[in-house]
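As a plain string of letters, each chain reads:
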Amino acid sequence: MSDNRYDVIIIGTGAGGGTLAYHLAPSGKRILILERGDYVPREKANWDPQVVNVDAHYNAKESWLDKDGKDLHPHTNYNVGGNTKFYGAALFRLRKEDFGELRHHGGISLAWPLSYDDLEPYYTQAENLYQVHGNRGEDPTEPPANSAYPWPAVSHEPRIQQLSDDFARSGLKPFHVPVGVMLDEKNPHKSRCIRCNTCDGFACLVGAKSDAQVVCIDEAIKHSNVTLLTNSLVKRLETDSSGREVKSVVVERYGSLETYSADVVVVSCGAINSAALLLRSANDKHLRGLANSSDIVGRHYMGHTNSVMMAISKCPNPTIFQKTLGVNDFYFGSKDFEYPMGHISFVGKLDAITLKAGAPAIAPNFTLELMAKHSLDFWLTSEDLPDPNNRVTIGRDGKIVLTYTPNNLEAHERLQGKLKQAMKQTNCAMHGHECHQGLFGRNLYVGQRIPLAGVAHQNGTIRFGHDPKTSVLDANCKAHDVDNLYVVDGSFFPSSAAVNPALTIMANALRVGDHLMKRLGVSETTYEQNRQQDRELAVSR
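Note that this is a predicted model, so its numbers are computed, not measured. (Residues numbered from 1 in each chain as written. Predicted model: local features only at pLDDT ≥ 70, side-chain atom pairs only at ≥ 80, totals over all residues. Heavy atoms only, no water.)

**Q** Give a detailed account of the overall build of the chain, specifying residues and quantitative values.
**A** When you go through the chain residue by residue, the secondary structure sums to 11 helices and 23 strands. Relative to a compact globule of 541 residues, whose C-alpha radius of gyration would be 24 Å, the chain shows 23 Å and is just as compact. Taken over the C-alpha atoms alone, the chain extends approximately 75 × 55 × 45 Å along its principal axes. In the chain, the share of contacts with a sequence separation of at least 24, taken over all contacts with a separation of at least 6, comes to 73%. Accessible surface computed for the chain: about 21,500 Å², of which carbon and sulfur atoms make up 49%. If you average the places of the 57 positive and of the 61 negative side-chain charges in the chain, the two averages end up 2 Å apart. (Helix = DSSP H or I, 4+ residues; strand = E, 2+ residues; numbered from the N terminus. Rg over C-alpha atoms; globule rule 2.2 N^0.38 Å. Contact = heavy atoms within 4.5 Å. Areas by Shrake-Rupley, 256 points an atom, 1.4 Å probe, with all protein chains shown as cover. Lys, Arg positive; Asp, Glu negative; His and termini not counted. Charge placed at Lys NZ, Arg CZ, Asp CG, Glu CD.)

**Q** Describe the environment of S293, naming the residues involved and giving the relevant values.
**A** Relative to the helices and strands, S293 resides in the loop between α6 (271-280) and β14 (299-302). With a relative accessible area of 47%, S293 lands in the partly exposed category. Along the backbone, S293 and D397 are 104 residues apart, and their C-alpha atoms lie at a distance of 24 Å. Within the local environment of S293, its side chain forms a polar contact with the side chain of D481, the two groups lying 2.8 Å apart. (Buried < 20%, exposed > 50% of the residue type's maximum accessible area, 1.4 Å probe, protein only. Polar contact = N/O pair within 3.5 Å; in protein donor to acceptor, adjacent residues only side chain to side chain.)

**Q** Account for the sheet that holds strand β3 (residues 64-66), with residues named and values stated.
**A** To summarise the sheet geometry, strands pair through backbone hydrogen bonds and adopt either a parallel or an antiparallel arrangement. With mixed pairing, the 4 strands of this open sheet are ordered in space as β4-β3-β20-β19. Lying at the two open borders of the sheet, with one neighbouring strand each, are β4 (71-72) and β19 (391-394). Here β3 runs beside strand β20 (residues 400-403); their pairing, made up of 2 bridges, is parallel. By the bridge assignment, D66 is partnered in β20 with L402. α6 contacts β3, β19 and β20 of the sheet and is inclined by roughly 40° relative to β19. (Pairing = 2+ DSSP bridges. Axes fitted to C-alpha atoms, helices over the stretch in contact; angles between N-to-C directions.)

**Q** So what's going on with the nonpolar core? Residues and values would help.
**A** Counting 116 residues, the largest nonpolar core has I11, Y130, L237 and L485 as the members making the most contacts within it. It is helix α10 (residues 502-519) that provides the largest number of residues to this core, a total of 10 residues. Apart from residues lying up to four places away in sequence, L237 is in contact with I11, V246, S248, V249, V265, V267, L277, L278, S281, L290 and L485. By size, the runner-up hydrophobic cluster in this structure holds 21 residues, among which are A311, I344, L376 and L380. (Core = buried A, V, L, I, M, F, W, Y, C linked by side-chain atoms within 4.5 Å.)

**Q** Which residues make up the packing of aromatic side chains, and what values do they have?
**A** By the definition in use, this model includes 14 aromatic pairs. Plain terms: the ring middles of W112 and F464 are 5.7 Å apart, the flat faces sit at 85° to each other, and that makes the pair edge-to-face. You can see W112 sitting in the loop between β6 (107-109) and α3 (116-129) and its partner F464 sitting in the loop between β22 (459-461) and β23 (485-487), a full 352 residues away along the chain. In this pair, the class of W112 matches that of F464, namely buried. Ring-pair connections join several aromatic residues into one group, and the members of that group are F99, W112, Y116, Y123, F464, F492 and F493. It is R36 that lies over the ring of Y78; its NZ or CZ is 3.8 Å from the centre. The ring of Y331 has R95 lying over it, and the distance from NZ or CZ to the ring centre is 6.0 Å. (Phe/Tyr/Trp six-rings, centres within 6.5 Å; stacked < 30°, edge-to-face > 60°. Lys NZ or Arg CZ within 6 Å of the ring centre and 35° of its normal.)

Listed below in C-alpha cells is the structure:
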C-alpha cells in the first residue's frame with residue numbers, strides 16, 4: 001500500500017471530525033486526519049483576556065468578505081480540536097420537536113430526515129464521551145433520555161443560585177446547563193477542572209475542558225493505525241473520470257502540495273469552510289462545485305440570532321464560573337406569543353478587559369470595572385431560519401464571501417423582553433425588587449447582537465435529506481452525487497434549532513461512524529477487542 005493511501009481521510013479535528021476519528025480509531029483501519037492549524041500552544045496567555053479577547057491572538061489570521069464586499073474578520077479558530085478549543089462547552093440535545101417541522105413567526109423550520117429517537121442513543125454516547133455534567137428533569141423542554149447524565153450538574157455559585165431561586169418563585173423553571181468540563185466538586189483536590197473564570201472563550205491551560213482535542217484526537221492518535229498531520233490545508237478534492245468518487249485530496253503543507261487518497265473521504269471543516277472546499281473543488285463533472293447538482297452547497301447558512309445582555313444589579317456578582325443557569329420556558333412560545341422564542345443562559349463572567357473589546361456595547365457614565373463587578377451576563381439564542389440566499393460563495397480572488405440577512409428577529413426581541421420582565425420580578429434581600437434596575441436606581445440593560453463575524457454556531461450549507469434535488473447529503477451524511485464523500489460538521493443541519501449545536505454534531509459523528517464501520521467491513525468483535533485493549537492500556541498507565 002502506498003504511504004499516501006488510506007482507508008479513511010478525515011478533514012478537520014473539531015466536534016465532528018475529532019469525534020469521528022476517536023470512534024473509528026479502534027477499527028484497525030488506516031486513518032489519516034488532516035488539520036489546517038496546529039495545537040494551541042500551552043502558555044500563560046491562554047488565560048489572558050487581553051490576549052484572547054482584545055488582541056484576538058488565537059483567532060484565524062484571514063479575512064472573508066460580507067455581502068457588500070467589505071472585509072470580514074471571522075471569530076473562528078484553526079487548531080487541533082477546532083472551535084471546541086475555545087467554546088463554552090454547553091452541550092445540549094436538540095429538543096425532540098426540533099427534528100420536526102416548526103412554524104415560527106418568521107417562517108418555517110424544516111423537518112430533519114431522521115427523528116430524535118434515531119439520534120438519542122448517540123446523544124447518550126456523546127454525553128459520556130464528553131463528560132457532560134447535568135441534571136435530568138429540570139429543563140421543561142428537554143427531550144426524553146434513556147439514562148441520567150454521567151456526572152452531576154455543575155453547582156450554582158451564590159449569586160446565580162439566588163437568581164435561580166428568584167426565577168423559580170416567579171413561576172419559571174430554571175435549570176442547570178449541561179456542561180462538558182472535567183470537574184469533581186466532591187473531590188476538588190483531585191479535580192482536573194479548577195472551576196476558573198477562563199473557560200468560555202478561552203483554551204483550557206490544564207486540559208480540563210471537554211474539547212475535541214483533549215477528549216478525542218489525543219486518544220485517537222495513540223492507535224498506530226491513525227496519523228494526524230497538522231498545518232495541512234486541504235486545497236481541493238479531485239474526482240475520478242466518472243465524477244462519482246473522490247480519488248485524491250490535495251493538501252498544502254509548509255508551502256508544498258501533497259496528494260493523499262482514501263476509500264472514504266470525510267469533510268469536517270465547519271459549515272463555512274466545508275462549503276467553500278466543495279465549491280473550490282468544481283470540475284468538468286461538477287461544474288457548480290463538488291456534489292452540488294442541487295445548487296444547495298453553500299446555501300441556507302445559519303448561525304443563530306445570538307445576543308449578550310448584561311443586567312446591572314446594585315448587588316455585586318462575584319461569580320467565577322457563571323455558565324451554569326438556563327431558562328427555556330419561552331423556547332416554544334408563551335401565552336402572549338405562540339411562536340418559538342429561544343433559549344436563555346449565561347456567558348462566562350465578563351471582566352473589564354473583555355468589555356473594553358466591545359462585547360457588549362458600553363453604557364455611558366459607568367466604569368468598566370464597576371459594570372463588570374455588578375453585571376449578570378446573559379446569552380440569548382433564537383433560531384434563524386434556512387434561507388437559500390444566506391449563503392457561502394467564493395469571490396473572484398478566492399476569498400470566502402458570507403452573505404447573510406438576519407431573519408425571525410421578532411422572536412429574538414420577544415425573548416429579550418421576556419428576560420427583562422423576569423428580572424423585574426427578582427427580589428433581593430437587601431434591595432427588594434429594585435436591585436435589578438441598575439447601580440443608580442435606573443433601568444439598565446446593556447445588550448448587543450453578536451455580529452456576522454461571530455460564527456461559533458455555524459450550521460447549514462450542506463444539508464442532508466432524502467431528495468437529491470433539495471439536499472446535498474443523504475440521511476447517513478454521504479453526498480448524493482459522490483459515492484465516497486461524507487460531511488460530519490454542522491453543515492448537515494437542515495434547521496438550526498435554538499440551542500448550541502456542538503453535542504448534536506458530536507452525536508451525529510458517532511452515528512455516521514457506525515455506518516462507516518459497516519461500509520468498511522469492520523467486525524463488531526474486532527472493534528470491541530481493540531476497545532478492550534484501549535481500556536486495559538489506560539488502566540496500566
